[in-house]
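Fold and geometry: a report
Each chain, letter by letter, is given below.
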Amino acid sequence: LVALAAFICFVVSRSHEAYTALAVIEVIVTLLFFLLYLLKLDKKMKWLFWPLADIFNSVIAAVFLLIVCLFAIIIKTNYGTLVGGVFGLVLLVLCIVDAVVLFRKISLSGPRERNYPTR
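Residues numbered from 1 in each chain as written. Predicted model: local features only at pLDDT ≥ 70, side-chain atom pairs only at ≥ 80, totals over all residues. Heavy atoms only, no water.

To continue, consider the overall build of the chain. A count of helices and strands for the chain gives five helices and zero strands. A buried classification covers 31% of the 119 residues belonging to the chain. Partitioning the contacts of the chain with sequence separation of at least 6, the portion at a separation of at least 24 is 67%. Split by element, the accessible area of the chain, about 8500 Å² in all, is 73% carbon and sulfur. (Helix = DSSP H or I, 4+ residues; strand = E, 2+ residues; numbered from the N terminus. Buried < 20%, exposed > 50% of the residue type's maximum accessible area, 1.4 Å probe, protein only. Contact = heavy atoms within 4.5 Å. Areas by Shrake-Rupley, 256 points an atom, 1.4 Å probe, with all protein chains shown as cover.)

Let us look at the packing of helix α2 (residues 17–38) against helix α4 (residues 50–75). Packing of α2 against α4 leaves a shortest axis separation of 10 Å and a crossing angle of 160 degrees. Relative to α4, the element α2 lies roughly antiparallel. Where α2 crosses over α4, the handedness of that crossing is left-handed. Residues A18, Y19, L22, E26, V29, F33, L36 and Y37 of α2 form the contact with α4, whose participating residues are W50, P51, A53, D54, N57, A61, F64, L65, V68, F71, A72 and I75. Within the contact of α2 with α4, the residues separate by chemical class into 17 nonpolar, one polar and two charged. (Axes fitted to C-alpha atoms, helices over the stretch in contact; angles between N-to-C directions. Parallel < 35°, antiparallel > 145°, perpendicular 65-115°, else oblique. Left-handed = near helix turned anticlockwise from the far one by under 90°. Nonpolar A, V, L, I, M, F, W, Y, C, P; charged D, E, K, R; others polar.)

We now examine the environment of V11. Inspection of the secondary structure assignment puts V11 in helix α1 (residues 2–12). With relative accessibility at 42%, the residue V11 sits in the partly exposed group. For the pair V11 and G80, spaced 69 residues apart in sequence, the C-alpha to C-alpha distance is 8.5 Å.

Let us now look at the nonpolar core. Grouped together as the largest cluster of nonpolar side chains are 16 residues, with contacts concentrated most on F10, Y19, L65, L91 and C95. Listing elements by their share of this core, those giving two or more residues are α1, α2, α4 and α5 (79–105). Composition of this core by domain shows at least three residues from each of domain 1 (1–44) and domain 2 (45–118). For L91, the contacting residues outside a window of four places in its chain are V2, A3, E26 and L65. (Core = buried A, V, L, I, M, F, W, Y, C linked by side-chain atoms within 4.5 Å. Domains from an automatic or database assignment.)

This paragraph deals with the UniProt feature "transmembrane region" (unreviewed entry) in the chain. UniProt's entry tags residues 18–39, 51–75 and 81–103 with the feature "transmembrane region" (unreviewed entry), counted in the numbering of this structure. Split by type, residues 81–103 is 100% helix and 0% strand. Its first and last C-alpha atoms lie 32 Å apart. (UniProt positions renumbered as here; feature names shortened; annotations may be inferred.)

Three or four residues apart is the spacing at which side chains of an α-helix point the same way, because the helix has 3.6 residues per turn. When the terminal C-alpha atoms of α5 are compared, their 39 Å separation across 27 residues agrees well with the 39 Å that a helix rising 1.5 Å per residue should span. What α5 keeps buried is the set T81, G84, G85, G88, L91, L92, C95, A99 and L102. (Expected span 1.5 Å × (residues − 1).)

This part covers α4. The terminal C-alpha atoms of α4, which comprises 26 residues, lie 37 Å apart, in line with the 38 Å expected from a rise of 1.5 Å per residue. Residues W50, A53, D54, I55, N57, S58, A61, A62, L65, V68, C69 and A72 constitute the buried set of α4.

A cluster of nonpolar side chains, namely V59, V63, L66, I67, L70, F71, I74 and I75, defines an oily patch on the protein surface of about 730 Å² accessible area. Considering the arrangement of structural elements, one finds I75 in helix α4. (Patch = residues over 30% accessible without salt bridge, like charges linked within 9 Å, V, L, I, M, F, W, Y side chains within 5 Å. Salt bridge = Lys/Arg side-chain N within 4 Å of Asp/Glu carboxyl O.)

This next bit is on the packing of α4 against α5. α5 packs onto α4 with a crossing angle of 155 degrees between their chain directions and a minimal axis gap of 8 Å. What the angle tells us is that α4 and α5 run roughly antiparallel. Seen from above, α4 lies across α5 with left-handed handedness. Grouping the constituent residues of the contact of α4 with α5 by class yields 20 nonpolar, four polar and two charged.

What follows is the structure, encoded as structure tokens:
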């Protein structure tokens, strides 16, 4: 919802395309991960370790959000851009929290689920 709010602020204020593009990409990626976990597709597609992919998404999004939102706040062509930048920084904090929580939750050295029953 925070990414959607940032996107709306950037669109309404007619900010630079980079601000809008980053916000819309983050909304789409977040919705895709939400649907992936909601429909339990992560259990069916075991060829990728989805929590780790989610961590990488959060870290990369945090880096891009830091750069773009700081530019949006520093340059602030209007108040919509400033508010969108603030929402982006809130989203940055949420991405970092998500990455830390997921990193603490997963175990890379522990046993994984088996696809076949044991004897």
